[in-house]
Amino acid sequence: MERLIAEASKEGEENCVINLHDSPGGAKTFELVAKFCYGVKLELTSSNVVYLHCAAEHLEMTEDYGEGNLIMQTETFFNQVVLQNWKDSLKALQTCDDSLPYAEELHITKRCIESLATKAYTDPNLLGWPTMEYGPMQSPGGSVLWNGISTGARPKNSSSNWWYEDVSTLSFPLYKRLISIMESRGIREEIIAGSLVFYAKKYLPGLNRRQGASESSSRLLAVALAPPSEEDQKTFLEDIDRLLPMQKGLVPTKFLFGLLRTALILKASPSCLSNLEKRIGMQLDQATLEDLLMPSFSYSMETLYNVDCVQRILDHFLAMDQISGGASGGASGGASPSACSVDDGQLIGSPSLTPITMVAKLIDGYLAEVAPDVNLKLSKFQALAAAVPDYARPLDDGLYRAIDIYLKSHQWLAESDREQLCRLMDCQKLSLEACSHAAQNERLPLRIIVQVLFFEQLQLRTSIAGCFLVSDNLDGSRQLRSGIVGSTEGGWATAVRENQVLKVGMDNMRMRVSELEKECSNMRQEIEKMGRTKASSTWGNVSKKFGFKLKSQMCSAQEGAVSNQKNNFNAKAKDRLGKLKKY
């Protein structure tokens with residue numbers, strides 16, 4: 001100040017005006033410095049120590065001009081008080097934005113960030129009274145007590161995410177530096193990812209549109225006063241994408257879809273969009289149908305939903321599944337149906353489906369949702385449906401439903417296009433219910449209906465034949481997926497025993513019928529011989545001699561009995577088969 005006054009006095013006392021525009025902390029901080037110079041007791045806090053220290057350095061208030069000068073006092077308070085406490089370090093770091101060049105030069109910002117990074121890595125219960133003490137030390141009003149005095153601080157949970165909300169009050173440049181230091185200190189990636197998700201939800205309004213009213217309003221409160229511009233949001237989103245770890249399962253899939261949807265609206269960079277699609281593709285099996293239904297934000301509005309984006313996400317998932325060995329295929333890198341010939345019945349009835357099977361079901365549901373769009377081209381629909389491997393679908397009922405909806409909404413398709421579309425599904429992998437529906441579906445090409453009828457009859461014939469077979473691998477038969485496969489062991493044991501009884505009864509019946517037919521055949525032959533040698537007048541004696549009338553009546557009676565027994569047996573067999581299907 002003395003030097004500045006001397007320089008201004010050279011121009012005359014009338015022009016002795018000193019301007020302090022670049023003084024750290026502004027007028028309020030300079031007033032505190034002036035009071036300190038005149039002996040007024042100065043109260044140092046975590047909110048003003050950074051301003052005062054920077055101003056003291058700017059004004060060169062060193063020990064050369066007086067013992068216990070302001071630089072020494074602020075430095076001592078900063079090291080012994082501020083850096084030892086989480087809350088004070090956070091408040092001091094927040095004030096660094098207003099005097100950033102001086103704080104950077106004096107390494108104040110760096111020391112605050114390193115202090116916070118170290119404390120976030122340690123046990124939160126060791127950080128001091130302002131944040132974490134609770135339990136028996138909690139006052140009746142709910143605030144935290146320190147030596148019996150209410151501090152006004154609220155107790156927090158001592159989980160690994162206890163610091164998420166605190167650091168979300170920092171500006172994004174300071175927050176990025178803090179996250180980088182935390183990563184270098186060895187904090188787990190899932191904790192870092194959780195903090196990034198919390199920070200992004202707080203400052204990206206587009207991510208809060210699908211949340212509940214209370215949660216959304218609380219998060220939007222921070223940006224309600226000064227909503228960021230679209231360009232700032234776009235830059236912020238791209239930075240969040242770069243900071244997120246590229247590892248499966250660290251970030252919720254719904255949050256990634258929210259980021260991608262917001263990035264499409266803000267027209268983020270192609271690299272950002274590609275990274276988000278890859279992240280989602282790595283964990284597509286955790287997505288829901290609602291997540292996939294992303295509107296198309298292009299100017300052309302060719303389709304209602306962004307089918308191309310879902311196609312790229314599916315391609316990323318299939319590439320990762322192939323690299324990881326195809327957990328759904330059951331074979332090393334296997335993508336062939338023969339290598340994955342697990343029991344279809346077990347796969348259908350299994351409560352925990354493999355990821356590739358879950359994705360196939362998800363894509364079939366997505367196809368059914370986008371199929372009514374009249375602007376959806378056949379090539380895009382086919383490409384998305386054909387991208388799912390054949391072994392991923394134990395049944396093609398979902399695909400058949402999507403194809404039927406598409407045909408209903410695109411009635412102008414040529415017969416050749418309909419046949420090409422229907423070739424996507426395997427008629428042998430349709431359930432009996434789907435076969436019955438397809439056989440009466442006028443929208444399907446005639447050739448497909450014939451194939452459906454053929455395989456439906458084949459399934460029915462095989463199912464009936466399987467009821468009379470005693471085989472150890474009856475459960476794994478592919479043709480019995482319509483319901484027989486899900487039977488319990490007790491039901492099968494009873495059915496097998498009944499089948500054995502029916503089989504023995506059928507064998508006895510066949511032997512009896514064969515004997516009767518032989519006997520009748522012999523009698524006819526003898527009668528014909530006698531008719532050729534004797535005259536017609538002696539026919540009565542011959543008939544009496546050989547007992548033909550009696551034999552004929554017996555034969556007729558026996559054939560009637562056989563017919564009745566056959567009818568009774570058929571009724572019993574149908575009844576057994578009905579019980580068997582219930583199992």
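All values derive from a computational prediction rather than experimental measurement.

## Describing the overall build of the protein chain
From N to C terminus, the protein chain includes 27 helices and two strands. The buried share among the 583 residues of the protein chain stands at 40%. Considering only residue pairs separated by 6 or more positions, the protein chain has 68% of its internal contacts joining residues 24 or more positions apart. Summed over its atoms, the accessible surface of the protein chain is roughly 32400 Å², and 54% of this surface lies on carbon and sulfur atoms.

## Some details on the environment of Pro245
Turning to its location among the elements, Pro245 is positioned in the loop between α13 (230-243) and α14 (253-266). With relative accessibility at 10%, the residue Pro245 sits in the buried group. C-alpha separation for the pair Pro245 and Ala193, spaced 52 residues apart in sequence, amounts to 6.8 Å.

## Focus on a nonpolar patch on the surface
A contiguous nonpolar surface patch, about 250 Å² in accessible area, is contributed by Met1, Leu4 and Ile5. Positionally, Met1 belongs in the segment before α1 (2-9). The class of Met1 is partly exposed, set by a relative accessible area of 44%.

## A few points about the environment of Gly281
Here Gly281 is to be found in helix α15 (residues 270-282). Judged by relative accessible area, Gly281 falls into the buried class, the value being 0%. Measuring from C-alpha to C-alpha, the distance between Gly281 and Ala319 comes to 9.0 Å, with 38 residues separating the pair along the chain. Contacts of Gly281, omitting those with residues within four sequence positions, involve Ile313, His316 and Phe317.

## Describing the packing of aromatic side chains
Under the criterion given, the structure shown has ten aromatic pairs. Residues Tyr175 and Tyr199 carry aromatic rings whose centres are separated by 4.1 Å and whose planes lie at 15 degrees to one another, so their mutual orientation is stacked. With a gap of 24 residues between them, Tyr175 in helix α10 (residues 172-184) and Tyr199 in helix α11 (residues 189-203) connect regions that are remote in the sequence. The buried category is assigned to Tyr175, whose relative accessible area is 0%. Taken together, the ring pairs connect Phe172, Tyr175, Tyr199, Tyr203 and Phe236 into an aromatic cluster.

## Some remarks on the state of the cysteines
A covalent bond bridging the sulfur atoms of two cysteines is what the word disulfide describes. Under the counting rule described, the total for this entry stands at zero disulfides. Cys112 supplies the cysteine sulfur nearest to Cys96, a cysteine that is in no disulfide, at a spacing of 4.9 Å.

## Comments concerning the environment of Cys112
Relative to the elements of secondary structure, Cys112 occurs in helix α7 (residues 108-121). C-alpha of Cys112 to C-alpha of Ala92: the two residues are 20 residues apart in sequence and 7.2 Å apart in space. Residues within four places of Cys112 in sequence aside, it is in contact with Phe78, Leu83, Ser89, Ala92 and Leu93.

## As for the pattern of salt bridges
Considering all chains together, one arrives at 17 salt bridges under this definition. Here Arg393 ties to Asp364 by a salt bridge, and the two come within 2.9 Å at their closest N and O atoms. Taken as a pair, Arg393 in the loop between α20 (378-387) and α21 (397-409) and Asp364 in helix α19 (residues 355-370) lie far apart in primary sequence, 29 residues in all. Take Arg393: its relative accessible area is 7%, and that puts it in the buried class. Among the residues examined, Asp364 registers a relative accessible area of 7% and is labelled buried.

## Regarding the side chain of Asp239
Of note, Asp239 is situated in helix α13. The buried category is assigned to Asp239, whose relative accessible area is 11%.

## Topic: the packing of α15 against helix α17 (residues 307-323)
Between α15 and α17, whose axes approach to 8 Å, the crossing angle comes to 55 degrees. Comparing the axis directions of α15 and α17 gives the class oblique. For the pair α15 and α17, the sense of crossing is right-handed. Of the residues in α17, those in contact with Glu277, Lys278, Ile280, Gly281 and Met282 of α15 are Cys309, Arg312, Ile313, His316, Phe317 and Met320.

## Here we look at the packing of helix α3 (residues 49-58) against helix α4 (residues 70-80)
Interhelical geometry of α3 versus α4 gives an angle of 145 degrees and a closest axis separation of 9 Å. As for how α3 packs across α4, the hand of that crossing is left-handed. In contact with Val49, Leu52, His53, Ala56 and Glu57 of α3, α4 contributes Leu70, Ile71, Thr74, Glu75, Phe77 and Phe78.

## Here's the deal with unusual backbone geometry
Residues other than glycine seldom take positive phi values, yet His107 does so here, at roughly 60 degrees. Counting through the fold element by element, His107 comes out in the loop between α6 (100-105) and α7. Among the residues examined, His107 registers a relative accessible area of 49% and is labelled partly exposed. The phi torsion at Lys267 lies on the positive side, around 55 degrees, for a residue other than glycine.

## A look at the confidence of the model for the protein chain
For the protein chain, per-residue confidence averages 75 on the pLDDT scale, and 66% of positions sit at 70 or higher. Scored below 50 in pLDDT, residues 535-539 shows one contact in the model against residues more than four places distant or in partner chains.

## Points about the nonpolar core
Membership of the largest hydrophobic core comes to 120 residues, with the highest contact counts inside it found for Trp163, Met182, Leu259, Leu260, Leu284, Ile363 and Phe381. When residues in this core are grouped by element, the largest group, nine residues, is from α19.

## Examining α17
Between its first and last C-alpha atoms α17 spans 24 Å; for 17 residues at 1.5 Å apiece the expected length is 24 Å, and the two agree. Buried residues in α17 make contact with α14, α15, α16 (289-292), α19 and α20.

Reading the values: the criteria
- Residues numbered from 1 in each chain as written.
- Predicted model: local features only at pLDDT ≥ 70, side-chain atom pairs only at ≥ 80, totals over all residues.
- Heavy atoms only, no water.
- Helix = DSSP H or I, 4+ residues; strand = E, 2+ residues; numbered from the N terminus.
- Buried < 20%, exposed > 50% of the residue type's maximum accessible area, 1.4 Å probe, protein only.
- Contact = heavy atoms within 4.5 Å.
- Areas by Shrake-Rupley, 256 points an atom, 1.4 Å probe, with all protein chains shown as cover.
- Patch = residues over 30% accessible without salt bridge, like charges linked within 9 Å, V, L, I, M, F, W, Y side chains within 5 Å.
- Salt bridge = Lys/Arg side-chain N within 4 Å of Asp/Glu carboxyl O.
- Phe/Tyr/Trp six-rings, centres within 6.5 Å; stacked < 30°, edge-to-face > 60°.
- Disulfide = S-S within 2.5 Å.
- Axes fitted to C-alpha atoms, helices over the stretch in contact; angles between N-to-C directions.
- Parallel < 35°, antiparallel > 145°, perpendicular 65-115°, else oblique.
- Left-handed = near helix turned anticlockwise from the far one by under 90°.
- pLDDT = per-residue confidence, 0-100.
- Core = buried A, V, L, I, M, F, W, Y, C linked by side-chain atoms within 4.5 Å.
- Expected span 1.5 Å × (residues − 1).

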